[in-house]
Amino acid sequence: MNSQLELLLEIQDLKSQKRELEELSEEREVEEGVFAMKVDDALQDLTSKIEEMEAALDPRVQSRYRRLAGRRGRAVGPVIKGICYGCFVSVPTALASDADRNEELRFCESCGRFLYLID
(Lines give C-alpha, C1' and ligand atoms only; values in the text may rest on other atoms or scores of the structure.)
Protein backbone atom coordinates (compact mmCIF):
# COMPACT_ATOMS: atom_id res chain seq x y z
CA MET A 1 0.00 0.00 0.00
CA ASN A 2 1.18 3.53 -0.74
CA SER A 3 2.85 5.05 2.34
CA GLN A 4 0.95 8.34 1.96
CA LEU A 5 -2.35 6.45 1.76
CA GLU A 6 -1.44 4.52 4.91
CA LEU A 7 -0.74 7.79 6.72
CA LEU A 8 -4.04 9.25 5.54
CA LEU A 9 -5.95 6.21 6.80
CA GLU A 10 -4.19 6.35 10.17
CA ILE A 11 -4.93 10.07 10.52
CA GLN A 12 -8.58 9.47 9.68
CA ASP A 13 -8.75 6.70 12.29
CA LEU A 14 -7.15 8.88 14.98
CA LYS A 15 -9.56 11.72 14.19
CA SER A 16 -12.45 9.31 14.55
CA GLN A 17 -11.17 8.17 17.95
CA LYS A 18 -10.71 11.80 19.01
CA ARG A 19 -14.29 12.63 17.98
CA GLU A 20 -15.59 9.72 20.04
CA LEU A 21 -13.66 10.87 23.09
CA GLU A 22 -14.94 14.42 22.69
CA GLU A 23 -18.52 13.20 22.44
CA LEU A 24 -18.35 11.15 25.62
CA SER A 25 -20.18 12.89 28.41
CA GLU A 26 -21.67 10.29 30.75
CA GLU A 27 -18.96 7.78 29.94
CA ARG A 28 -16.27 10.35 30.68
CA GLU A 29 -16.70 9.87 34.43
CA VAL A 30 -16.39 6.10 34.02
CA GLU A 31 -13.28 6.46 31.83
CA GLU A 32 -11.63 8.75 34.35
CA GLY A 33 -12.83 6.97 37.51
CA VAL A 34 -12.61 3.29 36.69
CA PHE A 35 -9.76 3.29 34.19
CA ALA A 36 -7.83 6.19 35.76
CA MET A 37 -7.67 7.76 32.32
CA LYS A 38 -7.56 11.52 31.92
CA VAL A 39 -9.70 12.17 28.85
CA ASP A 40 -8.27 15.67 28.36
CA ASP A 41 -4.73 14.27 28.34
CA ALA A 42 -5.77 11.60 25.85
CA LEU A 43 -7.32 14.26 23.61
CA GLN A 44 -4.12 16.32 23.72
CA ASP A 45 -2.04 13.24 22.88
CA LEU A 46 -4.30 12.41 19.93
CA THR A 47 -4.19 15.99 18.68
CA SER A 48 -0.41 16.11 18.78
CA LYS A 49 -0.11 12.72 17.06
CA ILE A 50 -2.51 13.83 14.32
CA GLU A 51 -0.53 17.04 13.78
CA GLU A 52 2.73 15.06 13.66
CA MET A 53 1.33 12.65 11.08
CA GLU A 54 -0.15 15.45 8.98
CA ALA A 55 3.26 17.13 8.93
CA ALA A 56 4.78 13.89 7.61
CA LEU A 57 2.57 13.97 4.51
CA ASP A 58 4.00 15.07 1.17
CA PRO A 59 3.27 18.82 0.78
CA ARG A 60 0.92 18.35 -2.19
CA VAL A 61 -0.94 15.53 -0.44
CA GLN A 62 -1.08 17.58 2.75
CA SER A 63 -2.59 20.56 0.93
CA ARG A 64 -5.27 18.45 -0.75
CA TYR A 65 -5.96 16.58 2.50
CA ARG A 66 -6.50 19.79 4.47
CA ARG A 67 -8.88 21.17 1.84
CA LEU A 68 -10.89 17.95 1.79
CA ALA A 69 -10.93 17.48 5.56
CA GLY A 70 -12.13 21.05 6.02
CA ARG A 71 -14.95 20.72 3.48
CA ARG A 72 -16.02 17.11 3.75
CA GLY A 73 -14.85 15.87 7.14
CA ARG A 74 -13.59 12.54 5.85
CA ALA A 75 -10.87 12.97 3.26
CA VAL A 76 -10.44 9.27 2.45
CA GLY A 77 -13.17 7.02 1.10
CA PRO A 78 -13.24 3.30 0.43
CA VAL A 79 -14.19 1.89 -2.96
CA ILE A 80 -16.33 -1.21 -2.59
CA LYS A 81 -17.66 -2.98 -5.67
CA GLY A 82 -16.78 0.01 -7.84
CA ILE A 83 -18.59 2.58 -5.68
CA CYS A 84 -16.92 5.46 -3.83
CA TYR A 85 -18.36 5.30 -0.32
CA GLY A 86 -17.59 8.98 0.19
CA CYS A 87 -20.16 10.16 -2.36
CA PHE A 88 -21.76 6.85 -3.52
CA VAL A 89 -20.89 7.42 -7.17
CA SER A 90 -19.43 4.74 -9.44
CA VAL A 91 -15.72 5.07 -10.13
CA PRO A 92 -14.30 4.22 -13.55
CA THR A 93 -13.94 0.47 -14.08
CA ALA A 94 -10.23 0.82 -14.89
CA LEU A 95 -9.64 2.41 -11.49
CA ALA A 96 -11.67 -0.15 -9.57
CA SER A 97 -10.01 -3.15 -11.22
CA ASP A 98 -6.41 -1.94 -11.41
CA ALA A 99 -3.78 -4.63 -10.79
CA ASP A 100 -1.56 -2.52 -8.50
CA ARG A 101 -4.37 -1.59 -6.16
CA ASN A 102 -3.59 1.04 -3.53
CA GLU A 103 0.02 1.39 -4.68
CA GLU A 104 -0.55 4.95 -5.86
CA LEU A 105 -2.83 7.72 -4.66
CA ARG A 106 -6.12 7.91 -6.50
CA PHE A 107 -8.95 10.37 -6.24
CA CYS A 108 -12.68 10.20 -6.78
CA GLU A 109 -13.64 12.18 -9.88
CA SER A 110 -16.91 13.16 -8.24
CA CYS A 111 -16.08 14.19 -4.65
CA GLY A 112 -12.28 14.49 -4.84
CA ARG A 113 -11.61 12.21 -1.87
CA PHE A 114 -8.53 10.02 -1.71
CA LEU A 115 -9.58 6.46 -2.52
CA TYR A 116 -8.54 3.09 -1.23
CA LEU A 117 -9.78 -0.02 -2.92
CA ILE A 118 -11.34 -2.87 -0.99
CA ASP A 119 -11.96 -6.27 -2.57
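Refer to the structure above for everything that follows.
Let me begin by describing the structure that accompanies this report.

The rules behind the values
- Residues numbered from 1 in each chain as written.
- Predicted model: local features only at pLDDT ≥ 70, side-chain atom pairs only at ≥ 80, totals over all residues.
- Heavy atoms only, no water.
- Helix = DSSP H or I, 4+ residues; strand = E, 2+ residues; numbered from the N terminus.
- Salt bridge = Lys/Arg side-chain N within 4 Å of Asp/Glu carboxyl O.
- Buried < 20%, exposed > 50% of the residue type's maximum accessible area, 1.4 Å probe, protein only.
- Expected span 1.5 Å × (residues − 1).
- Arc of directions from axis to C-beta.
- Contact = heavy atoms within 4.5 Å.

### With respect to unusual backbone geometry
1) Next: Even without a glycine there, the phi angle at Lys-81 is positive, about 50°.
2) Next: Note that Lys-81 resides in the loop between β1 (76-80) and β2 (83-84).
3) Next: The phi dihedral of Phe-88 falls on the positive side, at around 65°, and the residue is not glycine.
4) Next: In this fold, Phe-88 is placed in the loop between β2 and β3 (89-90).

### Quick look at the pattern of salt bridges
1) Next: In total, this model carries three salt bridges according to the counting rule given.
2) Next: Two residues, Glu-54 and Lys-15, come together in a salt bridge whose shortest N-O distance is 3.4 Å. Highlighted residues: Glu-54 in helix α3 (residues 39-55) and Lys-15 in helix α1 (residues 3-23), separated in sequence by 39 residues.
3) Next: According to the relative accessible area criterion, Glu-54 is buried, its value standing at 10%.
4) Next: In the salt-bridge network here, residues are joined through shared partners; they are Lys-15, Glu-54 and Arg-66.

### Focus on helix α4 (residues 59-72)
1) Next: Taking 1.5 Å per residue as the helical rise, α4 with its 14 residues ought to reach 20 Å, and the 20 Å between its terminal C-alpha atoms agrees with that figure.
2) Next: Within α4, the full set of buried residues consists of Val-61, Gln-62, Tyr-65, Leu-68 and Ala-69. What you see down the axis of α4 is that its buried residues fit within an arc of 135°, all on one side. Across from the buried face of α4, at angles greater than 90 degrees, the exposed residues are Pro-59, Arg-60, Gly-70 and Arg-71.
3) Next: The secondary structure elements touched by the buried residues of α4 are α1, α3 and β5 (114-118).
4) Next: Where α4 terminates, the next one or two residues include Gly-73, which has phi positive at roughly 85°.

Keep in mind these numbers describe shape, not what the thing actually does.
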